[in-house]
Amino acid sequence: MTPRQAHRQARRQHGAALLLLVAVLGLGAASLLIGAFGRNTGETERQQRTLATLAQARDALLGFAAVNGRLPRPAASALDGRERAADCAGDAECSGFLPWVALGVAGVDAWGKLLRYSVTPEMARAPIVSFSAVANRVVLTRDGRGELAYVAGQDQCDVSAQCLPAVLFSQGRNHYGTAASGVPQINTARGNIDEAANDGASRRFINRPATELATLPGGAFDDMLTWITLPTLYQRMRAARNLP
């Protein structure tokens, strides 16, 4: 082999090695992208399933009210999805887990956490006297300045300025929540005061866009809320002729 031929062969081998390196790097980058995309897609699917579960539970609550003349009380416990037997003595006793057995629906979100439920005590007793009963649940959010602002309801709830009969929510993937086994999930975040507020709330709840940024007002947040308005509740009950 002449020196020129040897040089050409060395260049071809060097070029092949470079192409192989580029291919390997390309496959690695593609694997990372596919992995990240797969994770994001999986999380999006769980969020969508949870929204669908919340919507189904909300409709079941309205159906229960149409049949029974009231909304159900919360579940008896984390392991017993029947509604609690006794009337609620106050707001705290009317806040807990969704009574999934009483409603005939799934009681957990897509992360396996029990759905939370809070109902105005007057709305969980039959008959609901529509001209005097006051719905008292409220939902707030954070405005552009980070201050809490009402989304539904207001500071004072009365006959002329009604708030919400009930609020229903998932505590999302991270931080707070209770597994279907009844085991509470430990909060490992710091500064997520809005999630902490929802976890212990009985009347005032917070709904915000999801974020992992602990530096934002209210901290990290991934709770997913829905609620029932009083006109919607009364309309369903009147259609069933079950509202005095």
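Structure: see above.
The present account deals with the structure reproduced in this document. Here the structure is a predicted model, which is why all the values come from computation and not from measurement.

1. With respect to the sheet that holds strand 3 (residues 138-142)
- Read from one edge to the other, the open sheet built from three strands follows the order 4-3-6, with strand pairing classed as mixed. For this open sheet the edge positions go to strand 4 (148-152) and strand 6 (204-206), each flanked by a neighbour on one side alone. Here the average twist between neighbouring strands, direction ignored, is 40°.
- As paired strands, strand 3 and strand 6 are joined by three bridges and run parallel to one another. Bridge assignment links L140 to a residue of strand 6, and that residue is I206.
- Running at roughly 140° to strand 6, helix 3 (residues 193-200) makes contact with strand 3 and strand 6 of the sheet.

2. Considerations on the pairing of strand 4
- Inspection of the sheet shows strand 3 paired to strand 4 by four bridges, in the antiparallel sense. Residue pairing in the sheet places L140 in a bridge with Y150 of strand 4.
- The antiparallel hairpin formed by strand 3 and strand 4 contains five residues in its connecting segment, where G146 sits at a positive phi of about 85°.

3. Describing helix 4 (residues 230-239)
- Taken together, the buried positions of helix 4 are occupied by L230, L233, Y234 and M237. For helix 4, the arc enclosing every buried residue in end-on projection is 90°, short of the 170-degree limit, so these residues lie on one face. Along helix 4, the residues that are exposed and aim more than 90 degrees away from the buried face are P231, Q235 and A239.
- Backbone geometry just after helix 4 places R241 at a positive phi near 55°.

4. Brief notes about the side chain of S118
- On the secondary structure map, S118 appears in strand 2 (residues 116-119).
- Engagement of the side chain of S118 in a polar contact is seen with the backbone oxygen of S202, the distance being 3.1 Å.
- With near-sequence residues (within four places) excluded, S118 lies in contact with C94, S95, R137, P165, A166, V167, S202 and F205.

Thresholds, definitions, all that
- Residues numbered from 1 in each chain as written.
- Predicted model: local features only at pLDDT ≥ 70, side-chain atom pairs only at ≥ 80, totals over all residues.
- Heavy atoms only, no water.
- Pairing = 2+ DSSP bridges.
- Helix = DSSP H or I, 4+ residues; strand = E, 2+ residues; numbered from the N terminus.
- Axes fitted to C-alpha atoms, helices over the stretch in contact; angles between N-to-C directions.
- Contact = heavy atoms within 4.5 Å.
- Buried < 20%, exposed > 50% of the residue type's maximum accessible area, 1.4 Å probe, protein only.
- Arc of directions from axis to C-beta.
- Polar contact = N/O pair within 3.5 Å; in protein donor to acceptor, adjacent residues only side chain to side chain.

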